[in-house]
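Single-letter residue listing:
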Amino acid sequence: TGARQLLEALPAELECVDLSQNDLSNDVGWCLAFRHLTKLNSLTLSDCQLADNACVELLNNLIRCKSLTRIDLSRNVISSGSAFQPLLKRFSQLEELDVHWNHFGGEASALLQGIIECHHGGLRSLNLSWNPLGKFCAEENCHQLVRLFRETKTLRHLDLSRCDLTMAHCKILAEGLEDNRTIVGLHVSGNEAHVDAQGFMVPRKNNSPPGEGDPHATMSLADDEDSCCWVCQRWRETKLRYTPGISGPDASDVWAYTSIDGFTKPIRMQRQGEDFVTYVMAAPGPLRFVFQADRHPIACSRTAPQVELRDMIAALRGGVGCYQRTNLVPEDGDNGVVLKLRAKQPDDEADRLVEVISFSTIMVVERPEDESVCDHYIPRKLGEFKPSVEPKDWSLECSLFAPHWEPLSGKQFRERCFEVDWHNSHLTSLLPEEGETIAIRDLLREHYAEMKVLFSSLCSVDWFALQRGRPLSFGMGLYQYTHMLVQHNLVGQDLSLEEADAIFVAAGLPAKDTSKYLEAYRTEGRLIHRHGFFGLLVRLAIRFARGNSGRGLKGRFNNKTEQVK
């Protein structure tokens, strides 16, 4: 009576009602009061001792609530799944249904059947946890769940925790889930299965850890109970990019290994223009990764931040942020402990251990609640993703403030720039032997992208020319050059500041044909342009190599190629 009087006193415009933890089992008259709450969009009746008769009466009186998008009937004693079918048939706008901790067993299949056949709307979240789905009519319940996996177009989050599902039941669900592309959050803890980092359900005995029976299988911190739900744990869609010639050597095929699964599953990257791209779902925190480009050694990206090998080894042995079961194997080497990755090279028939000397790392930021879980990543389709679409809302990338397109990111344009810079650098005068000239040219070509980035970071303006009304010119001045020397600890016992200045003057000496240059490039040696930066680095390398030879290390630098390396 009290609940009915309270509900009847509420205004008809009310949108949310929460009567949880009230005993509503004595009378069902209060259900009639919901007929006038036509604007209701959220209803919570958790832990109210509701039985089947009260549930049927309630659902029948909710018919007028056309705006209802969320219903929470958890922690009651409801067992009738068929009672929900009329509601699901009429309520296409329902998005969230929570019926965990009830008595759905044999009737659970009727509830699932109602969701599949009657509800043609956008149900996005379903919580069936703590219901005995595996004790009564288990196979029928599993087959209805598989049917839901295959037919749903909107379901994003599903909780099946502690439903008494055995390993045999979980095998049925795991096979049906493989073809699902909508569910991005799944809970199965308390059953004989777990969810891995890629969103697959992996059946296993409750008394055995993940990966048992497979010596190379992964068990990560992410494989712990309920920690692989991309929705609840705020996992974020993360893009990995490999640019041939910049991120690493040129290649026709590239694979990525990530710490998400303990570096166990290579992800084949797809070609997009001149880049190789893939998307992964990553938990908030550091993400480590390496690339396999054709048959080149497995290595990190040249452009991404790197994590020190000793930190990886310490984390691996301590189980901090890394994996108890992984394809990484620490071994004692000649110079200390090394990490080897059990991987299958292209054209190899079996896995083999490959030494990895460095790892790339990026920090994945926790996904905001209002951001979609994944726009490009396709659940349970490793390496595949949806093509990019133009953002509808304003974004920095599509505005006037977006970073400009860098022509040097194009391979053909980059090659032409290198040839021009090599010609203008006049390095052949320093390298009289033809064999050494070719070798150093190939060495500089290999690291051209990194040299360009370093030079760009040191560029400044020729203020002297600007004050005299001359065209604005850019390059590396003496102050920026000194900053580079100090930043990289190059000035000291091996190189005095006077010697360093002399190298700058020699590298910045104008060529004889500068009259043909644009006026902005006639800096009279005050600035070093990009082609002069070539000569500057080579002169520094040769100077340090000579200093090393004076300390008895001459045997290591037999020619200028070794000196520059």
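Just above sits the structure.
The shown structure was predicted, so the numbers you read here are calculated from the model rather than taken from an experiment.

Grouped together as the largest cluster of nonpolar side chains are 92 residues, with contacts concentrated most on Trp30, Phe34, Leu45, Leu73 and Phe84. For this core, the element with the most residues is strand β15 (residues 275-282), which contributes six residues. Apart from residues no more than four positions distant in its own chain, Trp30 is found in contact with Ala3, Arg4, Leu7, Leu24, Leu45, Leu50 and Leu58. Listed in part, the 15 residues of the second largest apolar core include Met484, Ala500, Ala507 and Leu540.

We now examine the sheet that holds strand β4 (residues 96-98). Taken together, the seven strands give an open sheet; going across it, the order is β1-β2-β3-β4-β5-β6-β7, and neighbouring strands pair in parallel fashion. The two strands at the open ends of the sheet, each matched to only one other strand, are β1 (16-18) and β7 (185-187). Adjacent strand axes in the sheet meet at a mean angle of 5°, parallel and antiparallel pairs treated alike.

This part takes up helix α13 (residues 497-508). Across its 12 residues, α13 extends 16 Å between first and last C-alpha, which sits within 8% of the 16 Å expected from 1.5 Å per residue. Of all the residues in α13, the buried ones are Ala500, Ile503, Phe504, Ala507 and Gly508. The buried residues of α13 occupy an angular sector of 125° when the element is viewed end-on, so they sit on one face. For α13, the exposed residues lying more than 90 degrees away from the buried face are Glu498 and Val505.

Turning to the sheet that holds strand β11 (residues 236-242), a few remarks are in order. On the basis of which strands lie adjacent, the open sheet formed by three strands has the order β11-β15-β14 and antiparallel pairing. On the outer flanks of this sheet lie β11 and β14 (270-272), each paired with one strand and no other. In this sheet, adjacent strand axes meet at a mean angle of 40° when their direction is disregarded. Across seven bridges, the pairing between β11 and β15 is antiparallel.

What follows deals with the packing of helix α12 (residues 478-487) against α13. Put simply, α12 and α13 touch, their axes get as near as 11 Å, and they point 130° apart. Taken as axis vectors, α12 and α13 run oblique relative to one another. α13 is crossed by α12, and the crossing has right-handed handedness. Residues Leu478, Tyr481 and Leu485 of α12 pack against Ala500, Asp501, Ile503 and Phe504 of α13.

What counts as what
Residues numbered from 1 in each chain as written. Predicted model: local features only at pLDDT ≥ 70, side-chain atom pairs only at ≥ 80, totals over all residues. Heavy atoms only, no water. Core = buried A, V, L, I, M, F, W, Y, C linked by side-chain atoms within 4.5 Å. Buried < 20%, exposed > 50% of the residue type's maximum accessible area, 1.4 Å probe, protein only. Helix = DSSP H or I, 4+ residues; strand = E, 2+ residues; numbered from the N terminus. Contact = heavy atoms within 4.5 Å. Pairing = 2+ DSSP bridges. Axes fitted to C-alpha atoms, helices over the stretch in contact; angles between N-to-C directions. Expected span 1.5 Å × (residues − 1). Arc of directions from axis to C-beta. Parallel < 35°, antiparallel > 145°, perpendicular 65-115°, else oblique. Left-handed = near helix turned anticlockwise from the far one by under 90°.

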